[in-house]
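Architecture and fold: a report
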Amino acid sequence: MNNNKIKTGLAWLAGLLLASIIIFFISQGATSTSTASASKDSTNLLQMFKSGAGAGRNDTFCALTTGPSNSCLGTPQALCSTDLDMAKIAWKYFENNYNPSTGLYNAADKYPSTTMWDTGSALAATIAARDFDLIDDKTFDERIRAMFKTLNSMELFNKEAPNKVYNTIKGEMVDYRNQPSPDGIGVSALDLARMVSWLNTLGCMHPKYAYPAKKSIERWDMKRLIKDGQMFGFYRDPATKNIVVAQEGRLGYEQYAGKIFRQLGYDQHVAATYNNEFRTSINIYDVPIAYDKRDPRDLGAYNYVVTESYVMDAIENGIDDENRSLLNNIYNVQKHRWEDTGIVTAVSEDNIDQKPYFLYNTIFTAGLPWNTTTDKGVRYDNLKTTSVKAALSLALLYPNDPYSKELAYTVSSAYDPDRGWYSGIYESGGGYNKAITANTNGIVLSMLLYKKYGEFHPMCKKCQREIKADIIPAKTCDVCATQ
């Protein structure tokens, strides 16, 4: 009996020991499998954030973080190595002149001041830089979001619209000497139009920014700036300091800006057409050159017939039956001057690297062809320049014309590899005009973006990605003209 109890007890102990051994090995295997699985999951999660590539959840993450398809923009044209080299030179300027505290770029090299016009040019450059892979998504997003933070918090002139000038470090209103101006100096509707144009293209090519762009524009009270089918600007009377409202825009820049505001829904039945009552023309080298007949002695503003406004209208608003012949004439009259004089001609308004520091180098102004003048009408014909932005823009728009090769070749070395493209070359043999600006370099980058995609606003309209700001009930020019 006792022997049987002992045998039973030993058997029970042996079974218990065997069960314990089996449980031990099972638990060790499970722990190992669990640890390996957790490690694998952790590794996969890290990979998702680091590379966004692979299979399984990685593919899902890639799909979630990829922006919407831009196939509606059409098939991009490939840029050649020379195009990209030109873009890199232009982007150098913006690398050197960015202010992270405000998201704003200096309008001129190392000078911490800007306008809405130059901010529009800088935005164009930033969009192009991302598209050309000169900067990555994170850098692009950081700069765009910083810009929006400033646009949505900056002090507005008279609480209506952006001041003409801002300090790019502090984001405060200043005067043209970059001195603080708590009350501001005025508003330019033309400058605002350029900003709107590139906010529209930003929202089109990067739809996640369409809403911030829309809200930035909706901050502005445009009731006094756009009326009667035209644009108006503000300035302070030098004696009384009262705000003066004055019509703004002459043939060329007026139509460039008017079309942009018309797209937002504003009545621009006068400003948005070249065939308005103020247009007349003069023959230069037997080429009819349109100009604005409004008398500067009455309204205090000249009509500067230059390349820039017609080029920007073409690449941003698109070439149509109305502006096609005007643009052709702008090109041909400068080509004829080259054929007649041997001077490679591409004129525009530009900063210069000596007094008076800014000149309008024109095809026609104040009754004179090939007039180089200040905004006060003082002539500086000895400081005529071949404008880099004008030369490269015309060459890109007319690539099959032999004169375009002359234009591009002439200015091809007009840059500092560490600072950007110069503004021009003095016609008289005075060397490079070494002023370096956001506008020149921004136009170079935007022209290359145009080469890749084509006309911006028609492209965005086709994609149904235009900004639709809630500002006024939309009116077309046809509706306005019948009222």
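Above this note sits the structure.
Residues numbered from 1 in each chain as written. Predicted model: local features only at pLDDT ≥ 70, side-chain atom pairs only at ≥ 80, totals over all residues. Heavy atoms only, no water.

1. Overview of helix 11 (residues 324-341)
Stated formally: In this description a helix means any DSSP run of H or I spanning at least four residues, a strand means any run of E spanning at least two, and both kinds are numbered starting from the N terminus. What a helix is expected to span follows from its residue count: subtract one and scale by 1.5 Å. In what follows, residue pairs with any heavy atoms lying within 4.5 Å of each other are defined as contacts.
Over its 18 residues, helix 11 runs 26 Å from end to end, which matches the ideal 26 Å to within 8%, given 1.5 Å per residue. Buried residues along helix 11 sit in contact with strand 11 (279-284), strand 12 (287-292), helix 10 (307-317), helix 12 (388-397) and helix 13 (402-411). Just downstream of helix 11, Gly342 is the residue with a positive phi angle, here 80 degrees.

2. Notes on the packing of aromatic side chains
What counts, and what does not: Ring geometry is summarised as follows: Phe, Tyr and Trp rings, the Trp one being its six-membered ring, pair when their centres sit within 6.5 Å, and such pairs are stacked at plane angles under 30 degrees, edge-to-face over 60 and tilted between the two. Here's how the labels work: a residue is buried when its accessible area is under 20% of the maximum for its type, exposed when over 50%, partly exposed in between, all with a 1.4 Å probe on protein chains only. Throughout this description, the term charge over a ring refers to an Arg CZ or Lys NZ atom that lies within 6 Å of the ring centre and within 35 degrees of the ring normal.
All told, the structure shown has 22 aromatic pairs when counted by the stated rule. Pairing Phe261 with Tyr266 gives two aromatic rings, centres 6.1 Å apart and planes at 85 degrees, and the pair type is edge-to-face. Like Tyr266, Phe261 is buried. In this structure, Arg194 packs its charged tip against the face of Trp117, placed 5.3 Å from the ring centre.

3. Describing the sheet that holds strand 21 (residues 424-426)
Operational definition: The rule for pairing is simple: two strands pair if DSSP sees at least two bridges between them. An axis is simply a line fitted to the C-alpha atoms; with a helix, the fit covers only the stretch in contact. Between two such axes, the angle follows the N-to-C directions and lies from 0 to 180 degrees.
Reading across the sheet, the three strands line up as 18-21-22 and stay open at both edges, with antiparallel pairing between neighbours. Of all the strands in the sheet, just strand 18 (385-387) and strand 22 (432-433) have a single pairing partner and so form its edges. Here strand 21 pairs with strand 22 via two bridges, running antiparallel. When the sheet's bridge partners are listed, Ile425 is paired in strand 22 with Tyr432. On the sheet, helix 12 packs against strand 18 and strand 21 and is oriented at approximately 50 degrees with respect to strand 18.

4. Re the pairing of strand 12
Of the strand pairs in this sheet, strand 11 and strand 12 are connected by six bridges, and their pairing is antiparallel. Paired with Arg279 across the bridge in strand 12 is Asp292. Linkage of strand 11 to strand 12, two consecutive antiparallel strands, is achieved through a turn of two residues, within which Tyr285 is found at a positive phi near 55 degrees.

5. Overview of the pattern of salt bridges
Operational definition: For salt bridges, the criterion is a side-chain nitrogen of Lys or Arg within 4 Å of an Asp or Glu carboxyl oxygen.
Tallied over the entire structure, the rule returns 27 salt bridges. Lys92 is the salt-bridge partner of Glu95, the closest N and O atoms lying 3.7 Å from each other. Here the residue Glu95 and the residue Lys92 both occupy positions in helix 3 (residues 81-96), the gap between them amounting to three residues, near one helical turn. Here Asp133 and Arg130 are joined by a salt bridge, their closest N and O atoms 2.8 Å apart. A relative accessible area of 59% means that Asp133 is categorised as exposed. Given the relative accessible area of 16%, Arg130 is considered buried. Taken together, the salt bridges that share partners define one network made up of Asp109, Asp416 and Arg419.

6. Section: helix 14 (residues 438-453)
For helix 14, spanning 16 residues, the distance from its first C-alpha to its last is 22 Å, which sits close to the expected 22 Å at 1.5 Å a residue. Counted residue by residue, helix 14 has 15 buried out of 16 residues, so it is predominantly covered. Positive phi appears at Gly454, one or two residues downstream of helix 14, with a value of about 100 degrees.

7. So, the side chain of Asn317
Heads up, the rule is: A 3.5 Å cut-off defines polar contacts: any pair of N or O atoms within that distance qualifies, except that in protein one atom must be a possible hydrogen donor and the other a possible acceptor, and neighbouring residues in sequence count only when both atoms are side-chain atoms.
For Asn317, the location among the structural elements is in helix 10. Within polar-contact distance, the side chain of Asn317 engages the side chain of Asp313 at 2.9 Å. Within the structure, Asn317 has its side chain in polar contact with the side chain of His457 (distance 3.0 Å). Not counting the four nearest positions on each side in its chain, Asn317 is found in contact with Gln255, Tyr256, Lys259, Ile260, Met312, His457 and Pro458.

8. As for the sheet that holds strand 17 (residues 372-373)
Spatially, the three strands line up as an open sheet ordered 13-14-17, and their pairing is antiparallel. Across the chains shown, the open sheet's two edge strands, defined by having one partner strand only, are strand 13 (349-351) and strand 17. Pairing analysis gives two bridges linking strand 14 (residues 358-361) to strand 17, with the strands arranged antiparallel. Its bridge partner lying in strand 17, Tyr360 is registered against Thr373.

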